[in-house]
Structures are given as structure tokens and as C-alpha cells.
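Architecture at a glance
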Amino acid sequence: MMLKKIQIVCFFLVTQIIVSQQLNTDSYIIKVEVVNKESNKAISNADVLVNGSFYKYSTIKERYEIKAKKGDELIVRHPDFNTVYYTIQGNDDIRIEVESTIDKKVFSKVLKNLRSLKKRKREASFNQYLDSAKFYKKKDIDKSLSFIEKTFKEVESKSRRSASFEVLASIYAYWKQYDLAIENYKASLKEKESAKVRLELAKVEFLNKQYLESEKSYLKSLKGELSTYEKLTVFEGLGDVFKEKKEFNRAEYNYEKALTIAKKNLITPKVTDLNSKLAEVFFEQGKTQKADVLFQNSLQLANKENIKRSLKEEEKVADFYNKSGRFDDEIQLRKESLKKAEGINIETNDKEALIDSITPQKINYKIGNAYLQKENYQEAIAFLEKSIDDAEKSEDLIIKKDATRKLSEILETVGNYSKAYKSYQDYVKLVDTLYIKKEQEIQQVKRFSKRIFDNQNRIASLEKDKELYDSKINLAYKDQQLVEESNKRQEIIIYSLLGGILLISLLVYYMYRNIRQQKLANNLLALKSMRSQMNPHFIFNALNSVNSFIAVNDERSANRYLSEFSVLMRSVLENSDEDFIPLSKEIELLQLYVKLEHNRFQDKFEYTIYIDEKIPLDKYSIPPMLLQPYIENAIWHGLRYKKEKGGLSISMNKKTENTIVINIKDDGIGRKKSMEMKTKNQLKQKSKGMSTIKNRIGILNNMYQDKISVNVTDNFDDGRGTKVELILKKD
């Protein structure tokens, strides 16, 4: 147990050392100038604040003078420009240049026909009225609201209308008209979203006990632009909300976050407040030792600030002692507070200084109550009587009433019935007096509420008039806007049609191209298929020739034929994947093929091949194996059946500059007689070579614009022989 106490004391001392080191940082008096960047004129009605403290403009020195230390955040706000955030670097003077953010488009509509002088005058009037409303906020609500009414008459932009609603809401909040304050903060946010206004709304919602709405507003304000001090306020506010909702873990979390910011930025008053609030949370959770340490910490910090702050904190700690049953500690602390409170009265005679904190009569009353709880009746009577005397002098009827009732009860307890009865009679009289006074206050509150209600109605009426005026102005420009929109729509339609035509054209083009590419691909596939048909056909016929040699036991001829045939086949296979080959290669293939066939049918025909030397062979190309089927037909179906020896003539001559003519002639039996000699089985089988070559030429001409033309006729008038004339275009 002793070790635990030593740990607590050590923790307390270390905390004090750290905090005192943080709080002893020197403050500076810094000169701040806020000027309009365009006109270079000083702005005297901006809100200048540091750590929640506002500073006013000095007309004599023509500047603001702030008290701050290094690391503090300076905030400069005004309805006509964006909020400026600046971190203090030292004691150097600060000059802030700002640019107006008033909605120029709205001004151009509303003030189109007004002179610039009148515009400046109205701007100045708005700022003066807003400043006056702020000045009278705590002094005279009627005057303050009257100036707000005037600002609405001068309002011409959303940012200014938002500022007017914000100040109006702050007035209502100060006078505890929380419903109206919430309504006007929301109106301000409707005109212009602001994290700072959202934060103020959250505070008022909390005061109005709308805890769920307050939580939402605090969280939403964090999404906007806030100063360091304002962020601290958000977390503190969330802690307050959760404490009221009995969600102590969440309250502790948010208080801790706020305390971290306060310590980091040396915001002394908030360090005190947050220590105290954390102590209250720990006490509610039953963590009395932690609460005690933090209460002592907050008490020490408050004593370093001022007497009023110290009295407030001592009241909280004394209440904590009372709830914990530590009556001796409570009495001792309250007696110290009593000396301070009486000292203020003697030295300053400032009754208002303690209205928000502790008065001597209230302290005496609570000391008497503590003695009563200890059952020390004589001391309790003495302090209660002193409380009644002080309350009499200060005209504090409520404390006097409570102290008189408590005194009557104690006197009755100790058996002094006559004094107890007299005290009770005094108590009854005080109750009657307070009842009458309360009725008067209720009537005053009613009259006050009626005045506020009337003012709010007038302001709402002004806002409606303003909206009506704005709608009339908008109607004045409606026709022009409609014409402009109509022209824009026509332009959009025209451009859309042009775009549509362009898109359709592109679509047609791509469709045509795709169809053409598909057709080309199909043609290439067909050509490849035909080439694959030609090769087996040629090989089949060649093998028949070998078979004929073997049939007659001509082994030497068969071997020679196979050797030359293999050379031919290698060339054919090399060119089988090509759509076109050079004409010179095709000639080599033909020469080799005709030689092979002549070796077999030496007794059937002789042949000649003539190539015109004027033909530039390298500039002509031809599909592979295009001419071979025609030569094959001439030999196999024309010359082979002739009784006497025939002749085969192959010639290539230049026809025009870009074309050559290829002639294949034979003096065989002719096409008609060849058909007559075919068997029934041969008639049923169509010549695959000739049909395939015909299809190849058709596809090639379709792809390459009539590159090849073929004409097959009889070579002689009597039907003998066949003549093939093929015309080939240059590449």
C-alpha cells in the first residue's frame, strides 16, 4: 500500500515538472497588420484570435496587437476573404495580405447599373452594422438584433448572408435561446459551409441537450478546415457529449486527444480544464486514485492562472472530496477558497467577478453542510449563520433560503426547538419571497422571449423580402439566359449531328475495312487451300509417270526421272506458301517440268521455250504452278494421243510497257477430240487441275485488280491443237 502511494506521488511530481516546463514559455506582444492586397488598405474589422482569445483593432496604432508565444496559431477571419491560419515563429511583426472572395457574379447581376462608389458604401455599412451587433451582444440584445436586421438589408452575397446568420446565432446562444441559435447556425451553414460555424452549432446543440445531433456536428466539423485550438475544442466537446451519455471510455479517449493537443501547443487553460474533466470521468468509473491525481494536477495549474480560475477548480475538487466522503479535506480546501473569495470582495468589491464561480455565502454554506455530514453540529451552525449573513448582504435569496432551511434542521436535531422554529419561519418567508420573485422573473422571461420572437420574425421577414427581391432580379435576366441557353442547345444539337455523322462515317469506314480485310483473309485462305490441292494433284500425275517406267522395266529411266523429279518437287515445296514468286523462278520450274515430261514421251512431241530478252523478269511476279496445268493438259490430253510426233511451243513476249503475253501452243488432237476419247469414268471426273487454276485466277484478279487474264482457244481452224494465251501485268 505504501509503495503504491509513493508511485502516485512520484507520478504527480513528474507531471508537475513537465507541465511547469511547458507552461513557462515566454509570451510576446506582436504587431499584426491585415491589409487588402488590391487597395493596400488596412482591414480593421477582422476577427483576430489566438487560442480562443479575440483581439481588437487599435485605431490609434492602426494595427492589431496580440499576446502569443512561439508555436501558437494565429487565426484571421472575415466574411469577405478566406480564413488565414498562421503559426507564430517568434516576436517579429506580422503582415497579412488578403484578397476578397465576394461572389462577383452575384454582384454583377445585382449592382450592374450602380456606381462603384455606392457599392463601396454598402460594403462599409454591412461591416459597421455587423461590428455593432457584436459589440452590443452582451450588453443590449435589442440593439444587437436591430443592427443584425440592418446587415440583412445590405447583404448581397452568400458569404455575407452566412456571416449575418452566424452572428445572429451567437447572440441567441449568449442569451441562452438555444433553439433560435441552432436554427440560425443551420441557416448560416445553408448559405456557406464552414467548419467553424459547424463547431459552434455543435456547442449549442450540446447546451440544448441534443447530444446525438451535437456528436454528429462535432464529427462533421473535423472534416473541414480548423485551427489547432478549434480541433482541440472539437475533441473536448466530444468528450463532454460522451460523458453526458455515460459512455465514459469514449469520453476518456477524446479528452486524452484534446489534452495531447493542449500540451503540445502549450494552451495552459485547456490543460487545466482537461485534467479536471478527465478526473471527473475517472471518478464516474470508480477510479478514485487516478481521479485524485488529476484533480490535484488541475488544482496546481489553476493556481498559476488567476484567483477566479483557482476558485472554480477548488470548487470542483471540494465537491469530489464530498462525494468521496473526505469531509476534512473538503472543509480545509473550502476554507482556503473562502479566504480568496473574501479577499476579492475586500480589495475590488467586484461582485460580478464571482457570479460564474464561487461566492463567500455559497462556500460558507457548503462548509456548514460538510460539518453537518460529519455530525459536528456546532461548527455547522456557525458556518450556516455566516452564510446567511453574507447572503443577506449580497441579496442572494437562494443561498439564504437553503442555509436557513439547513440551519432549522440542525437546531431541531440538537434540541434547540425555539431557534429551529424561528429559522423555519424565516425559511417560509424566504420561500414566499422567492416565489413572488420567480413569478416576476417568469413574466420578464416571457416578455424577453416575446421581444426575441418579434425580432426573429422581423429578420425572417427581411430574409423573405430579400429572397423575393433576388427572384425579381433573376427574372429580369431570365430572358437573356433563356436565349443564351437556347443558342447553346442549338450549338450542341449542331455539333452533336456533326459528331454523329462523323461517327457513322467512321463506323461505315471501319465496317468496310473489316469486310475487306475479312474478304482478303478468306481469299488468302482459299488460295492456300487451292495450292494445297495443286501439290497433291501434281505429285499424283508425276508418280503415274514413274509407275509407267517401272511397268516396262525401264529402271534407268525411272531412276533418272525420280532424281530430276525430286529437284522439281523441292522447288515446288519451297514456293508452296507464297502467293507470288518471281517470273524467273516460274520459268525454271516450267523448263524442269517440260524436260521431265519430254523424257517420258520423247516419241510423242518436241518442245521449244522462247523468252523475249526485252522482258525485265525481276519486275514481274506470278502465282506458283500457274502455267504448269496448261502445259500438262497440252501433253497428256493433246500430244499423247497423236499418232505422229507433235510439237509444244512456250513463248513469253512483251506486249506493252506494263504487260507481257505468255503463249502455250500444241498441235495435238484438240479439245473436242480429246473429250470424245475419254471414257465414261473419265467424263464423270472433272479435271481438278484446270478447275482449281480457274478459281485461283478469279480470286487473284479480285484481289489485285485483274493482274492476270487467260484465253483458251483451238490452235487451228479444223479443231486441232490448243492455244492458251495468258496476259500478265507488271507488279
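Refer to the structure presented above.
So, here is what we can say about the structure in this document. (Residues numbered from 1 in each chain as written. Predicted model: local features only at pLDDT ≥ 70, side-chain atom pairs only at ≥ 80, totals over all residues. Heavy atoms only, no water.)

Topic: the packing of helix α20 (residues 555-574) against helix α21 (residues 583-600)
This is how it is decided: Orientation is described by lines fitted to C-alpha atoms, with helices fitted over the stretch in contact, and by angles between N-to-C directions that extend from 0 to 180 degrees. Helix and strand assignments come from DSSP, with helices taken as H or I runs of at least 4 residues and strands as E runs of at least 2, each series counted from the N terminus. The cut-offs work like this: below 35 degrees is roughly parallel, past 145 is roughly antiparallel, 65 to 115 is roughly perpendicular, and the gaps in between are oblique. By convention, the crossing between two helices is left-handed when the near helix turns anticlockwise from the far helix through less than a right angle, and right-handed when the turn is clockwise. When checking whether two residues touch, look at their non-hydrogen atoms; a contact exists if any pair is within 4.5 Å. Gly is placed with the polar residues, together with every amino acid not listed as nonpolar (Ala, Val, Leu, Ile, Met, Phe, Trp, Tyr, Cys and Pro) or charged (Asp, Glu, Lys and Arg).
Taken N-terminus to C-terminus, the directions of α20 and α21 make an angle of 155°; their axes are 10 Å apart at the nearest point. Regarding the angle of α20 to α21, the classification is roughly antiparallel. Here α20 and α21 pass one another in a crossing that is left-handed. Between α20 and α21, the residues in contact are Arg560, Tyr561, Glu564, Phe565, Val567, Leu568, Ser571 and Val572 and Leu589, Leu592, Tyr593, Lys595, Leu596, Glu597 and Asn599, respectively. Residue composition of the contact of α20 with α21, grouped by class: nine nonpolar, two polar and four charged.

Points about the packing of helix α6 (residues 178-191) against helix α7 (residues 195-207)
In the contact formed by α6 and α7, the axes pass within 9 Å of each other and the chain directions differ by 160°. Here α6 lies roughly antiparallel to α7, going by the angle between them. You can see that α6 and α7 cross each other, and the crossing is left-handed. Within the contact between the two elements, α6 uses Tyr178, Ala181, Ile182, Tyr185, Lys186, Ser188 and Leu189 and α7 uses Val197, Arg198, Glu200, Leu201, Val204, Glu205 and Leu207. Along the lines of polarity and charge, the residues of the contact of α6 with α7 split into nine nonpolar, one polar and four charged.

What to know about the nonpolar core
Counted only if it meets this: Each nonpolar core is a collection of buried residues, namely Ala, Val, Leu, Ile, Met, Phe, Trp, Tyr and Cys, held together in the definition by side-chain atoms within 4.5 Å. Exposure categories follow from relative accessible area, calculated using a 1.4 Å probe and restricted to protein chains: below 20% of the type maximum is buried, above 50% is exposed, and the middle band is partly exposed.
In terms of nonpolar packing, the biggest core is built from 42 residues, with Leu583, Ile622, Leu627, Ile631, Leu648, Met652 and Leu728 touching the most fellow members. Those elements that place two or more of their residues in this core are α20, α21, α22 (628-639), β12 (646-654), β13 (659-666), α25 (688-704) and β15 (722-729). With eight residues, the single largest contributor to this core is α21. Beyond its immediate stretch of four places on either side in the chain, Leu627 contacts Glu586, Leu590, Ile622, Met652, Ile662, Ile664 and Leu726. Phe235, Ala251, Ile261 and Leu299 belong to the second largest nonpolar core, which has 37 residues in total.

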